[in-house]
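Structural overview
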Protein chains: 2
Amino acid sequence: MKRAPAWRLAAVLAAVLAAVLVGCAQPELRGTGDLGLVVERAAGRVKLIETSGRTALATIAGLGDLSHASIVYSRDGRYGYVFGRDGGLSRVDLLLARLDRRVVQAGNAIGGAISQDGRLIAVANYEPGGVRIFDAATLEPLADIPAAFGDGTRRAKVVGIADAPGQRFVFSLFEAGEIWVADLSDPRRPQVTRHRDIGKQPYDGLITPDGRHYIAGLFGEDGLALLDLWNPQAGVRRILGGYGRGEEPLPVYKMPHLRGWAIAGGHAVLPAIGRKEVLVVETAGWSEAARIPVHGQPVFVIAQPGGRRAWVNFAFPDNDTVQVIDLPSRSVVKTLKPGRAVLHMEFTARGEQVWVSSRDDDSVIVYDPASFAEIARIRADKPSGIFLSSRAFATGF
Amino acid sequence: MKRAPAWRLAAVLAAVLAAVLVGCAQPELRGTGDLGLVVERAAGRVKLIETSGRTALATIAGLGDLSHASIVYSRDGRYGYVFGRDGGLSRVDLLLARLDRRVVQAGNAIGGAISQDGRLIAVANYEPGGVRIFDAATLEPLADIPAAFGDGTRRAKVVGIADAPGQRFVFSLFEAGEIWVADLSDPRRPQVTRHRDIGKQPYDGLITPDGRHYIAGLFGEDGLALLDLWNPQAGVRRILGGYGRGEEPLPVYKMPHLRGWAIAGGHAVLPAIGRKEVLVVETAGWSEAARIPVHGQPVFVIAQPGGRRAWVNFAFPDNDTVQVIDLPSRSVVKTLKPGRAVLHMEFTARGEQVWVSSRDDDSVIVYDPASFAEIARIRADKPSGIFLSSRAFATGF
């Protein structure tokens, strides 16, 4: 059959047109400030969500073992860096809703951080124990900081890594009982300051929101280790000697997360270990000011930004409950039952929403923290951590 | 002349192809977290900048009179709301680098704010005196709050407007000597709480970064007015009776901006009025702790996020100078000469850069605040205020 030349040409041009249309099928333009990722732990996926309409936008798979996974964000808010338990470091593109690149950089890892200038990613590794530094744009490895201690032949598990001002990362060495401050001003030549004998078995750490204090929790003894980053030559001092499991340890169902600490109005509120209490600590002298009885053993205690309240979740068997504490009166003002196995809570940056994950109900529930009304419920596959992109603009996450 | 049908069809399809290409010529996908706007005051324009590569991306014109202009950002970081002196409220699209929409909503205005949930824009007006509320998406007017006082026939100029948690806006009435708290939970029915006799002629105000305290500066007498938003029924109290021009007023070349106040480590540092000093105030009791001598009459005192320093600029004739104060030692550690008529300074959210505008040198200079090195210099037409999109994630801007 013979076709007219016009139709042949038309077919070619139509094909070109179709190719161009596919090529320019960019996702809709949008800002990145209201995006976030929810970890779907068992499935090795993250769910992309947005907080303006409170909806799920996409699911991104292929991230490996996401038990205890955490996420930090690029300085432009476009990329999330997912730290997996299996040593995987994955860069997720929030605008294209896809895995951008991924490296498996260790055998066993526990979180990471992004440098103050956004150019470096640090990962804290259990096996081999140490910190590895990567280029945030390419995930190219830049430096390796082995957590060698004692006679130098052993390596400690690294925990509680946090970014600090001045291109520094601060972290703790579990077996060594040390806190290290690594200055990455020259990314290929880390300058490490070691603080020794800081206490037995530091198991987690945090930096206060003002970027000034690094605090490590101790598993092997009572108390916490405090380093003033404004005055590091003063060394690490022990605070809150009564904080811990005590001389006759209580059964602890889950060691609380230090990273959730709330600080407001000159006081920090933090989960007691093994006790059904939240501790109030005055931050001028770091001494205990009060204890607030709560429903169970607290896991996270998180302050509402711009508010006078903190939200608390609990260890098993009380992990179907969330309580809200009024900080000035030091009293519980609300008890909620969001669902089974509440693992995490995340406020929007200005505090008008709080997102709560219920693992065993496969749900993320969004509350209005002023009225306690449920304003959205999103299906997710065994959700654990919730990480909003506004973390890009805070120190110490 | 006769053409073959094939060529006629080809021409049509080529035209279609070209139209499609133009239609899909979207700007490159990018995150919005590292964007910002610099006010080019005299020209009625803003310059779009980005802080990752530290470059200017575009200039957006048609914004009217931008003397004393300020900018807030949408919760997704895509739009900047520019408050002009001529009552113009302009919504600028940072991704498309264009004016999205604009209303002239009053004869004379002085700043505005965005509600906690990002849905409402409030503008503070001199003429007619009051606050007007707009839908952040459409700029449709939603509510009008006339600043009527006395017998109700006079209207005061509104100054020092700031967003507060709970969908509230707080602002001061200059001629009335009042502070009003407007609750916009129902956007068309503002609920206003009036605090009277707060002091003579409040001229500016701020909310502390924790969202708790609103503080108004007084032009007509010494001292400041403080409202604890956690405990508003306690009313407004006067603090820092020595803060002001004094009994025999000094010549004041420029009233300092309260909005620049730095708060760090339990202390606020603020510009003295008319004196070549920066005041240190302890925030637990709001009493004066120290005075730090500086180069000139301070205008802005701005804390480095995550740092131990504050940057200070000065009124004419010392406005070619910026000084850096170390807060723990309360001493000046650096004096810089960025250019002529330094009007504003803005830190990136995590404190690794500071942007400084030099109006009379038509330049914006970017410093590394750790080394004080100049790391970029951008041409701008008589730049004044610098506003980064990370302001979207903070309370009280």
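The present account deals with the structure reproduced in this document. Note that the coordinates shown come from a computational prediction; the quantities given were computed from them, not determined experimentally.

1. What to know about the overall build of chain A
- Scanning chain A from N- to C-terminus turns up 1 helix and 34 strands.
- For 397 residues, the compact-globule estimate of 2.2 N^0.38 gives 21 Å, and the C-alpha radius of gyration of chain A, at 23 Å, lies within 12% of that figure.
- With the C-alpha coordinates aligned to their principal axes, the bounding extent of chain A is approximately 95 × 55 × 30 Å.
- Out of the 397 residues belonging to chain A, those deemed buried represent 58%.
- In chain A, which carries 47 positive and 42 negative side-chain charges, the distance between the mean positions of the two groups comes to 5 Å.

2. Observations regarding the interface of chain A and chain B
- In this assembly, 54 residues from chain A lie in contact with 54 residues from chain B.
- Between chain A and chain B, roughly 4,700 Å² of surface is buried when both sides are summed, and carbon and sulfur atoms account for 58% of that area.
- Ranking the residues of chain A by area buried against chain B places Leu29, Trp230 and Arg350 of chain A at the top, with a combined share of 20%.
- Taking the shortest distance from any N to any O, the salt bridge between Arg350 of chain A and Asp163 of chain B comes out at 2.7 Å.
- Counting every contact that joins chain A to chain B gives 25 residue pairs in polar contact (both at pLDDT 80 or more).

3. Some details on the packing of aromatic side chains
All names here are of chain A.
- Inspection of every chain in the model, using the stated rule, returns 11 aromatic pairs over all chains.
- For the pair Phe171 and Trp180, a centre-to-centre distance of 6.1 Å together with 50° between the ring planes defines the contact as tilted. In terms of burial, Phe171 and Trp180 fall into one category: buried.
- Between Trp311 and Tyr367 the ring centres are 5.9 Å apart and the planes differ by 50°, which places this aromatic pair in the tilted class. Here Trp311 is found in strand β27 (residues 309–314), whereas its partner Tyr367 is found in strand β32 (residues 363–368), with 56 residues between them in sequence.

4. Some words on the pattern of salt bridges
Residue and element names in this part refer to chain A.
- For the coordinates displayed, the defined rule picks out 53 salt bridges over all chains.
- A salt bridge links Glu40 to Lys47, with the shortest nitrogen-to-oxygen separation between them at 3.8 Å. Lys47 carries the same exposure label as Glu40, and that label is buried.
- The network of salt bridges with common partners includes Glu40, Arg45, Lys47 and Asp381.

5. Remarks on the relation of the copies chain A and chain B
- Overlay of chain A on chain B (RMSD 0.0 Å): rotation 180°, translation along the axis 0.0 Å. Expressed as an axis order, the relation between the two copies is that of a two-fold axis.

6. Some details on the sheet that holds strand β11 (residues 141–146) of chain A
Residue and element names in this part refer to chain A.
- The strand order across the open sheet formed by 4 strands is β8-β9-β10-β11, and the pairing between neighbours is antiparallel. The open sheet has two edge strands with one neighbour each: β8 (108–114) and β11. Each strand axis lies, on average, 20° off the axis of its neighbour in the sheet, ignoring direction.
- Where strand β10 (residues 129–135) lies against β11, 5 bridges are found, and the strand directions are antiparallel. Its bridge partner lying in β11, Phe134 is registered against Pro141.

7. Brief notes about the environment of Ser329 of chain B
- Of note, Ser329 of chain B is situated in the loop between β28 (322–326) and β29 (331–336).
- A polar atom in the side chain of Ser329 of chain B sits 2.8 Å from the side chain of Ser331 of chain B.

8. Let's talk about the nonpolar core
- Counting 34 residues, the largest nonpolar core has Val46 of chain A together with Val46 of chain B as its most contacted members.
- Counting residues per element, the ones that place at least two in this core are β1 (35–40), β2 (45–50) and β4 (70–73) of chain A together with β1 (35–40), β2 (45–50) and β4 (70–73) of chain B.
- Those residues in contact with Val46 of chain B that sit more than four places away from it in its chain are Leu37, Val38, Val39, Glu40, Ala58, Thr59, Ile60, Leu63, Leu66, Ile71 and Val92 of chain B.

9. Some remarks on the environment of Pro369 of chain A
- Take Pro369 of chain A: it is sitting in the loop between β32 and β33 (373–379).
- Those residues in contact with Pro369 of chain A that sit more than four places away from it in its chain are Gln304, Arg309, Trp311, Phe347, Gly351, Glu352, Gln353 and Val354 of chain A.

10. Structural notes on the side chain of Asp362 of chain A
Residue and element names in this part refer to chain A.
- Along the chain, the position of Asp362 falls in the loop between β31 (354–358) and β32.
- There is a polar contact of 2.8 Å between the side chain of Asp362 and the backbone nitrogen of Lys382.
- Once residues within four sequence positions are removed from consideration, Asp362 is found in contact with Ile378, Arg379, Ala380, Asp381, Lys382 and Pro383.

What counts and how
- Residues numbered from 1 in each chain as written.
- Chains lettered and ligands numbered in written order.
- Predicted model: local features only at pLDDT ≥ 70, side-chain atom pairs only at ≥ 80, totals over all residues.
- Heavy atoms only, no water.
- Helix = DSSP H or I, 4+ residues; strand = E, 2+ residues; numbered from the N terminus.
- Rg over C-alpha atoms; globule rule 2.2 N^0.38 Å.
- Buried < 20%, exposed > 50% of the residue type's maximum accessible area, 1.4 Å probe, protein only.
- Lys, Arg positive; Asp, Glu negative; His and termini not counted.
- Charge placed at Lys NZ, Arg CZ, Asp CG, Glu CD.
- Contact = heavy atoms within 4.5 Å.
- Buried area = accessible area lost by both parts, 1.4 Å probe.
- Salt bridge = Lys/Arg side-chain N within 4 Å of Asp/Glu carboxyl O.
- Polar contact = N/O pair within 3.5 Å; in protein donor to acceptor, adjacent residues only side chain to side chain.
- Phe/Tyr/Trp six-rings, centres within 6.5 Å; stacked < 30°, edge-to-face > 60°.
- Least-squares fit on C-alpha atoms with pLDDT ≥ 70 in both.
- Pairing = 2+ DSSP bridges.
- Axes fitted to C-alpha atoms, helices over the stretch in contact; angles between N-to-C directions.
- Core = buried A, V, L, I, M, F, W, Y, C linked by side-chain atoms within 4.5 Å.

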